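Residue-level listing of the chains:
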Amino acid sequence: MDAISGLVLGFGVILTPENLYWCFVGSILGTLLGVLPGIGPLVALSVLLPVTFGMPPVAAIAMLAAIFYGASYGGSISSILVNIPGDASSIVTAIEGNQMALNGRAGVALGMSAICSFIASTVSLVFLSFLSPVLAEFAVRMGPPEYAALVVLGLICTLMMIRGSILKGLVMLSFGAFVASVGIDVVTGTQRFAYGSVNLISGFDLIAIVIGLFGVSEILLNIEQIFQNKPVKTRLRDLWPTKKDWKDSAMPIARGTGLGFCLGLIPGGGPITASFMSYAIEKRAAERKGHRFGTGRIEGVAGPESANNAAVSGGMIPLLSLGIPGNPVTAILLGALVIQGVQPGPMMIQQYPEVFWGVIASMYVGNVFLLLLNLPLVGLWVQLLRIPYVALFPTILLLAIVGSYASNKNMYDVWVMLGFGVLGYGLRKLEYDLAPLILAVVLGPLLEESLRQSMVMSPDGLMIFAHRPMSVALLSLAALVIGFSLYSRFNRRRPKCTII
Amino acid sequence: MYNYITKTAAGLAVAIAWAVSGPALANDDIAAKLAEMKPDGFPSEVIEINVVYPAGGGMDLNARILARVFERITGDSVVVNNRTGGAGLVGHSYIASQAPNDGHTVGVIANLVFADSMIRSEGAWSYEDLDPIAYLNSDGLILVVNSQGPMAEKSLAEIIETAKSEPGTIRITNVPGSMYEYMIEQLESETGASFLKVPFQGGAPGVAAVLGNNVDIAIAFLGEVRSHIDGDRVRPVAVSGSERSPFVDAPTLNEVLNTDDVVWQATRWVTLPKGVDPERRAYLAAAFIAAAADEETQKEFQALGATTNMSYDTPEAVAEHVNRLANLERTFFENTGRLEN
């Protein structure tokens, strides 16, 4: 069955009142849960999984998938408005997005974020519809050495976004790597830095770290400003992107979509890495044109938001075509399919065409719902800023506590979250950039695992990277990035220039 | 022979009676029996089924199927709670040593609890602090090779020969500190072969590696590899269950190795913490055994590729089976120096 007739079948399946209803419910729930800090798609899906048991397969997966990509829309809203990421993949959106809000352009940032999320998702879905089998084949050929090379490239690219002192950035990077190394050793299975504690064996939960570092620390900083009688004023000037905004955003959307889609394909890549890399690239591109990031540039919203949404769609390819979930959220989707009697994998298109194409069609439809929901609601979301801080901050803190507890049902994670909150507050007061820290926490374990797998597999040590064409290509690209950055750094002699 | 005939006849009679009266009546009987057994004032709150692994995984799906049927036949409210962390250690230690034993906290666990109890708990708790009440199913590890790769035409015996003559050349997926590792070790010690063990964080990433020809043999549970077997992308060379799997066309490891103790499978059951009031325990045991034996549950378990066994139909039978598995594992740990004799 070719893609066109497949899509026709899929739309035929999804365009029934019942399926549309569940897709719509999923979109709303996803957005809402995305807006709330700490309660992301992972928590939502694990709570709602049993609800879908009685539903027909397409309706169940359409709803769960809609929650997944809806959360990605919603996550940027709290990033932009209150500088607290709703989910981990919108951490970087907060950097420029919140600055835009402070400049009175919250509406523009929100609108652009919804529009580019829609464009990126839809474009990726077209790729997904037509190239799924080919791309799945490509992704599966990536072995540990290729992963290791890819993570190295990712780390190098994102090093470009370290703000302020290089030394402080490297300190944060090392600290992040240390935090990530707590837990069970991936190769030997022995415990590291656990000191006999049952809780430390599982390391630190990523969700707890993100909520603490970015959410709690932001609240603490704001409370301080309130006490100093300096209320944070957000003015509302424009609500819609201007012609210039569109012009500035076009390329970032294109780049973000391409990047996000490719990273989504690869298990372990996913929306978080995609948004970070996109931010780094856009920052670089904007600075070459003489624009300063950190002042509320729309490119810093358009790029990462396109990237994380494209990565969500891209991530459906290994899930549906290979039955390999790339992250915990797609793992739950896999479980939901299995419990419906549908085994995702290479046989799925033949065995369950109506489910395969129905789910894909539902994603097209869901993204339209989300756009229609989000654009008119921009005004409403912005009203959130009018909520007095005495009400807003305790609510967010409460949600942060619920969110960090809900993923593992373990009070220990709440303490971790609060601990990282205080730590994040201290580090921000001392002008340390938190981005390299969280990046090391996300990418560190991936690099460690793939590097050590490569070393185990290799008969002649590091030479394994030279024997495999794709790893050679990726590592050369990384070397090029370093070389080029050093070159331009020494040529331009701009003292304010960041690390590379 | 006589025995066989009477059993078949009895089975037929039951089947006919069931077909005539219909499943509704059978369910009503069970529901009525359970209603009669239900202790006064119990349950006074939602019964919490603890799963020590994340949502969406094999254990979680088993527990959620069971929970749904349990609710239907008892009318009690149940919630499935994923108490994850430390690769199961957090949840196991919770059920064994912290969970209230008033009958409202239940665990759906697997034999992975033994390694946690004997090796990782460091004496803080033991699997003997748990009280098994109902058996669910088992699921053997499967060894697969790529259907188009260098091992495509080879049997496991031939692969083992290669791993003996050229030690360390056959790459096999491993999950360190788990059943996967124990299985490979036993395979090596039984045959004298030596494999190159490439570490992964579970079965599914290992399957991806064998598909991309980055390893030669992958080890996985059926659910993780079934679609690739059906799609002829990988070929199963052995299963490590106590018997062959109806879903996989491959011999057991014991058949290949001429042994009888190479069995590595996930065995799942329902447990209570020790010390639950006898009346409540009897009710819960009857209800979970009925839920596990329910037609819907059996169908769903088979859809997941698990092998069910109806003969463990009392808490005592379940406990006996669990203890036998524990002793087998203890012997392995002692033989490999993981535990002192």
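Everything numeric in this text was worked out from a predicted model, so none of it was measured. (Residues numbered from 1 in each chain as written. Chains lettered and ligands numbered in written order. Predicted model: local features only at pLDDT ≥ 70, side-chain atom pairs only at ≥ 80, totals over all residues.)

**Side note on the overall build of chain B**
- Helix and strand content of chain B: 12 helices and 9 strands.
- Since a compact globule built from 341 residues should have a radius of gyration of about 20 Å, the 21 Å found for chain B is in line with a globular shape.
- Summarising its shape, the C-alpha atoms of chain B cover approximately 65 × 50 × 40 Å along the three principal directions.
- Expressed as a percentage of its 341 residues, the buried residues of chain B come to 51%.
- Across chain B, contacts joining residues at least 24 apart in sequence account for 73% of those joining residues at least 6 apart. (Helix = DSSP H or I, 4+ residues; strand = E, 2+ residues; numbered from the N terminus. Rg over C-alpha atoms; globule rule 2.2 N^0.38 Å. Buried ≥ 20, exposed ≤ 12 C-beta atoms within 10 Å, placed from the backbone. Contact = placed C-beta atoms within 7 Å.)

**As for the interface of chain B and chain A**
- In this assembly, 43 residues from chain B lie in contact with 45 residues from chain A.
- Mapped by element, the contributors of at least two residues to the side of chain B that touches chain A are helix H2 (58-74), strand S2 (78-82), helix H3 (89-98), strand S6 (196-199), helix H7 (203-211) and helix H8 (222-230) of chain B.

**A few points about helix H2 (residues 17-35) of chain A**
Residue and element names in this part refer to chain A.
- For H2, built from 19 residues, the straight-helix expectation of 27 Å at 1.5 Å per residue is met to within 8% by its first-to-last C-alpha distance of 27 Å.
- Among the residues of H2, Asn 19, Trp 22, Cys 23, Gly 26, Ser 27, Leu 29, Gly 30, Thr 31, Leu 33, Gly 34 and Val 35 are the ones counted as buried.
- Close packing links the buried residues of H2 with helix H1 (3-14), helix H3 (41-48), helix H4 (57-82) and helix H16 (353-383). (Expected span 1.5 Å × (residues − 1).)

**Some words on the environment of Thr 162 of chain B**
Residues and elements named next belong to chain B.
- Position of Thr 162 among the secondary structure elements: in helix H5 (residues 156-165).
- With 16 C-beta atoms counted inside 10 Å, the residue Thr 162 sits in the partly exposed group.
- If near-sequence neighbours (up to four positions away) are discounted, Thr 162 is found in contact with Thr 169 and Ile 170.

**With respect to the domain arrangement of chain B**
Residues and elements named next belong to chain B.
- Per the domain assignment, the segments of chain B are domain 1 (2-138 + 266-335) and domain 2 (140-257).
- Centre-to-centre, using C-alpha coordinates, domain 1 lies 30 Å away from domain 2.
- Taken together, the residues of the side of domain 1 that touches domain 2 sort by class into 4 nonpolar, 4 polar and no charged. (Domains from an automatic or database assignment. Nonpolar A, V, L, I, M, F, W, Y, C, P; charged D, E, K, R; others polar.)

**Here we look at H3 of chain B**
- In terms of burial, H3 of chain B is a largely internal element, 8 of the 10 residues being buried.
- If you check which residues of H3 of chain B are buried, you get Leu 89, Val 90, Gly 91, His 92, Ser 93, Tyr 94, Ile 95 and Ala 96 of chain B.
- Close packing links the buried residues of H3 of chain B with helix H9 (198-201) of chain A together with strand S1 (47-51), strand S3 (105-110), helix H4 (112-120), strand S4 (130-146) and strand S9 (265-273) of chain B.

**Side note on the pairing of S2 of chain B**
Residue and element names in this part refer to chain B.
- Extensive coverage of S2 is indicated by the burial of 4 of its 5 residues.
- Sheet topology note: the S1/S2 ladder contains 5 bridges and is parallel. Bridge pairing in S2 links Ile 49 to Val 80.
- Following the backbone out of S1, through H2 and into the adjacent parallel S2, one traces a crossover that is right-handed. (Pairing = 2+ DSSP bridges. Right-handed = clockwise from strand over helix to strand, strands pointing away.)

**Side note on the nonpolar core**
- Grouped together as the largest cluster of nonpolar side chains are 264 residues, with contacts concentrated most on Ala 62 and Leu 64 of chain A together with Val 144 and Phe 288 of chain B.
- When residues of this core are assigned to their parent elements, the largest contribution, 18 residues, is made by H4 of chain A.
- Residue contributions to this core reach at least three from each of two domains, namely domain 1 (2-138 + 266-335) and domain 2 (140-257) of chain B.
- With sequence-adjacent residues up to four places away left out, Phe 288 of chain B is seen in contact with Phe 70, Ile 133, Ala 134 and Val 270 of chain B. (Core = buried A, V, L, I, M, F, W, Y, C linked by C-beta atoms within 7 Å.)

**Description of unusual backbone geometry**
- Residue Pro 43 of chain B is bonded to the preceding Phe 42 of chain B through a cis peptide linkage, with omega at -10 degrees.
- In this fold, Pro 43 of chain B is placed in the loop between helix H1 (2-37) and S1.
- The phi dihedral of Phe 193 of chain A falls on the positive side, at around 50 degrees, and the residue is not glycine.
- You can see Phe 193 of chain A is positioned in the loop between strand S2 (191-192) and H9.
- Look at Phe 193 of chain A and you get partly exposed, because 13 C-beta atoms sit within 10 Å.
- Backbone geometry at Asn 213 of chain B places phi at a positive 60 degrees, although glycine is not the residue there.
- Positionally, Asn 213 of chain B belongs in the loop between H7 and strand S7 (217-221).
- For Asn 213 of chain B, a count of 17 C-beta atoms within 10 Å translates into the label partly exposed.

**With respect to the environment of Ala 148 of chain A**
All names here are of chain A.
- Along the polypeptide, Ala 148 turns up in helix H7 (residues 144-159).
- With 25 C-beta atoms packed within 10 Å, Ala 148 lands in the buried category.
- When the C-alpha positions of Ala 148 and Leu 380 are compared, they lie 44 Å apart, and in sequence the two are 232 residues distant.
- Every residue in contact with Ala 148, bar those within four places of it in the chain, is listed here: Leu 447, Ser 450, Leu 451 and Ser 454.

**As for the environment of Ile 289 of chain B**
All names here are of chain B.
- Relative to the assigned elements, Ile 289 resides in helix H10 (residues 278-293).
- Assessed through the 21 C-beta atoms surrounding it within 10 Å, Ile 289 is described here as buried.
- Considered as a pair, Ile 289 and Gly 231 are 58 residues apart in the sequence and their alpha carbons are 36 Å apart.
- If we ignore the near neighbours within four places in the chain, the residues touching Ile 289 are Ala 134 and Asp 313.

**Topic: the pairing of S4 of chain B**
Residues and elements named next belong to chain B.
- Of all the 17 residues making up S4, 17 are buried; the element is thus mostly covered by neighbouring parts of the structure.
- Taken together, the 9 bridges between S4 and S9 define a ladder with antiparallel strand orientation. The partner of Leu 130 across the bridge, within S9, is Pro 273.
- Pairing of S4 with S7, which is carried by 5 bridges, proceeds in the antiparallel orientation. Bridging across to S7, Ile 142 finds its partner in Ala 220.
- Note: S4 against strand S8 (residues 234-239), 5 bridges, orientation antiparallel.

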